[in-house]
Amino acid sequence: MLRTSASRVLDDSDRDEVLALLDTDPVANVFVSSRVRAVGLNPARLGGQMWGFGPRGDLVSLCYAGANMVPVSAGPEAVYAFADRARKQGRRCSSIVGPADAVSLLWERLEPHWGRARAIRWAQPVMATSRKPQVAADPLVRRVRPEEFDILLPACVAMFTEEVGVSPNLGDGGALYRTRVAELIRIGRSYARIDDGRVVFKAEIGAVTPQACQIQGVWVDPEARGRGHAAAGMAAVVEAAMECFAPMVTLYVNDYNRPARAVYRKVGFVEVDTFMSVLF
């Protein structure tokens, strides 16, 4: 077994070094990078801790430990160190997500202590594009307006429940989820096609950095599926994302969701990495 060194909790004095490491892979690290750029590394603002592996000035790996646990550039030694800290701290996250090799090894170390996961998504292709969409964009897909929150929310809940397997209304009654949906609308990162008060297609841009942005929450009304709304809607969101947020657009998808993967390839996305998610 490799000898492990201890990880350490980072703070705002480490910000420049952390961002330099995150920028080595702006697609894989878009979520963590967006958090650090928005609020820094103070745990109270970050909503968790950022763990570092490697001495100051020679940082090798990171692990964001908040509502999600996300390893970054983490080889075996770093994973062992992060797992040791996570084991001692106890589970505080609702998921572990990130590059498949690191997450798999991290979960191997944590499962004996944390118990069984509710679900494991072993392979989630990471897809990205920096090209103009190869299909025509739906002209009716637009930014959702704040007064349309009550129209959009049921579609968001349906998407989350279908994708994750549990309702976002469990636990706190959905308060945190509603806050996040409202915030994405407020900052102009929620897009939808709404016909006569009904959401036909929707997607959000959940993470943004200068280099990349990540699309999430893609959903088509089940009654409207198979009519091309997904490809045309995604093309519209990709165009908007490139124009307003970043030159590279990315997302990740379950490997078994072949229809979605086909849609994304049709729009112009290519597979660049593989994530894994452990859900609690």
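What comes next is a walk through the structure. (Residues numbered from 1 in each chain as written. Predicted model: local features only at pLDDT ≥ 70, side-chain atom pairs only at ≥ 80, totals over all residues. Heavy atoms only, no water.)

Here the focus is the environment of V208. For V208, the location among the structural elements is in strand β9 (residues 198–208). Along the sequence, V208 and F31 sit 177 residues apart, while their C-alpha atoms lie 7.5 Å from each other. If sequence neighbours within four positions are ignored, V208 has contacts with S34, R189, C213 and F245. (Helix = DSSP H or I, 4+ residues; strand = E, 2+ residues; numbered from the N terminus. Contact = heavy atoms within 4.5 Å.)

Right, let's talk about the pattern of salt bridges for a bit. Inspection of every chain in the model, using the stated rule, returns 19 salt bridges. Its salt-bridge partner being K132, residue E239 comes within 3.3 Å of it at the nearest N-O pair. Taken together, the positions of E239 in helix α8 (residues 229–244) and K132 in the loop between β6 (119–129) and β7 (142–143) put the pair 107 residues apart, joining distant regions of the chain. We classify E239 as partly exposed; its relative accessible area is 29%. Under the relative-accessibility criterion, K132 is labelled exposed at 64%. Here D195 ties to R193 by a salt bridge, and the two come within 3.1 Å at their closest N and O atoms. The exposure class assigned to D195 is partly exposed, which follows from its relative accessible area of 24%. Using a relative accessible area of 16% as the deciding quantity, one classes R193 as buried. Taken together, the salt bridges that share partners define one network made up of R142, R145, E147 and E148. (Salt bridge = Lys/Arg side-chain N within 4 Å of Asp/Glu carboxyl O. Buried < 20%, exposed > 50% of the residue type's maximum accessible area, 1.4 Å probe, protein only.)

Bringing the packing of aromatic side chains into the picture now. Taken as a whole, this structure holds 7 aromatic pairs when the rule is applied. A ring pair is formed by W51 and F82, whose centres lie 6.4 Å apart and whose planes are at 35°; its orientation type is tilted. Residue W51 is located in strand β2 (residues 49–53), and its partner F82 is located in helix α4 (residues 76–89); the two are separated by 31 residues in the primary sequence. Like F82, W51 is buried. (Phe/Tyr/Trp six-rings, centres within 6.5 Å; stacked < 30°, edge-to-face > 60°.)

This part is about the packing of α8 against helix α9 (residues 258–267). Two elements in contact, α8 and α9, have axes whose closest approach is 9 Å; the angle formed by their N-to-C orientations is 50°. Considering their axes alone, α8 and α9 lie oblique with respect to each other. In this structure, the crossing between α8 and α9 has a hand that is right-handed. Note on element contacts: α9 touches α8 through V263, Y264, K266 and V267, opposite A230, A231, M234, A235 and V238. Classifying every residue of the contact of α8 with α9 gives 8 nonpolar, no polar and 1 charged. (Axes fitted to C-alpha atoms, helices over the stretch in contact; angles between N-to-C directions. Parallel < 35°, antiparallel > 145°, perpendicular 65-115°, else oblique. Left-handed = near helix turned anticlockwise from the far one by under 90°. Nonpolar A, V, L, I, M, F, W, Y, C, P; charged D, E, K, R; others polar.)

Here we come to the pairing of strand β12 (residues 270–279). Here strand β5 (residues 95–99) runs beside β12; their pairing, made up of 5 bridges, is antiparallel. By the bridge assignment for β12, P99 is matched with F275. Alignment of β6 against β12, held across 8 bridges, turns out to be antiparallel. By the bridge assignment for β12, A119 is matched with L279. (Pairing = 2+ DSSP bridges.)

Let's shift gears to the environment of V18. With respect to the secondary-structure elements, V18 resides in helix α1 (residues 15–22). Beyond its immediate stretch of four places on either side in the chain, V18 contacts L10, V36, L41, L59 and L62.

Our focus in this paragraph is the sheet that holds β5. In spatial order, the strands read β1-β2-β3-β4-β5-β12-β6-β11-β10-β9-β8-β7; together these 12 strands make up an open sheet with mixed pairing. Edge positions in the sheet fall to β1 (8–9) and β7, since each of these pairs with one other strand and no more. The pairing of strand β10 (residues 212–220) with strand β11 (residues 248–252) spans 3 bridges and is parallel. Bridge pairing in β11 places C213 opposite V249. This element, α9, spans β6, β10, β11 and β12 of the sheet and lies at about 10° to β6.

Right, let's get into the environment of F245. Residue placement: F245 occurs in the loop between α8 and β11. Sequence spacing of F245 and S73 is 172 residues, and the spatial spacing of their C-alpha atoms is 25 Å.

In terms of backbone geometry, most residues other than glycine have negative phi values and most peptide bonds are trans. In the Ramachandran plot, S73 falls in the positive-phi region, its phi being about 50° despite a non-glycine side chain. Relative to the assigned elements, S73 resides in the loop between β4 (68–72) and α4.

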